[in-house]
Amino acid sequence: ELRAPKTPQILGVGGFGFVIQAFFHGAAVVVKTHRTIGSGCRSFDSIAQELRLLRRLRHPALVTFYGACVEPATGELML
């Protein structure tokens, strides 16, 4: 279960969305959110390509990729 604080700490903001700190099964994690997919901010193919890359990428300077989901109510993609 992914839990974000009521007032999330925004760690960064970019052209496609923002990064916040949250908790996943009690562990602190970083969540990258994308603006609504349907708004044309970024194509689904581009996001799918990023997910394929992140799934295989391992490096000590990068956080581990756990997965991705789409928030049905808003269309936001959370990594």
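Residues numbered from 1 in each chain as written. Predicted model: local features only at pLDDT ≥ 70, side-chain atom pairs only at ≥ 80, totals over all residues. Heavy atoms only, no water.

Enquirer: Outline the overall build of the protein chain, listing residues and values.
Expert: For the protein chain, the helix and strand inventory stands at 1 helix and 6 strands. The order of α-helices and β-strands along the protein chain, N terminus first, is β-β-β-β-α-β-β. Counting all 79 residues of the protein chain, 19% fall into the buried class. Considering only residue pairs separated by 6 or more positions, the protein chain has 29% of its internal contacts joining residues 24 or more positions apart. For the protein chain, the exposed surface amounts to about 5800 Å²; the carbon and sulfur share of it is 59%. (Helix = DSSP H or I, 4+ residues; strand = E, 2+ residues; numbered from the N terminus. Buried < 20%, exposed > 50% of the residue type's maximum accessible area, 1.4 Å probe, protein only. Contact = heavy atoms within 4.5 Å. Areas by Shrake-Rupley, 256 points an atom, 1.4 Å probe, with all protein chains shown as cover.)

Enquirer: Lay out helix α1 (residues 44–56) in plain terms, naming residues and giving numbers.
Expert: With 13 residues, α1 should reach 18 Å at 1.5 Å per residue; the first-to-last C-alpha distance of 19 Å fits that figure. All buried positions along α1 are accounted for by Ile-47, Ala-48 and Glu-50. Down the axis of α1, the buried side of the element spans an arc of 160°, and every buried residue falls inside it. Turned more than 90 degrees away from the buried face of α1, the exposed residues are Asp-45, Gln-49 and Arg-56. (Expected span 1.5 Å × (residues − 1). Arc of directions from axis to C-beta.)

Enquirer: Account for the confidence of the model for the protein chain, with residues named and values stated.
Expert: Model confidence for the protein chain is summarised by a mean pLDDT of 76, while 76% of its residues fall at 70 or above. Looking across the protein chain, the model is least confident in strand β6 (residues 77–78), with a mean pLDDT of 67, and most confident in strand β2 (residues 10–13), with 88. (pLDDT = per-residue confidence, 0-100.)

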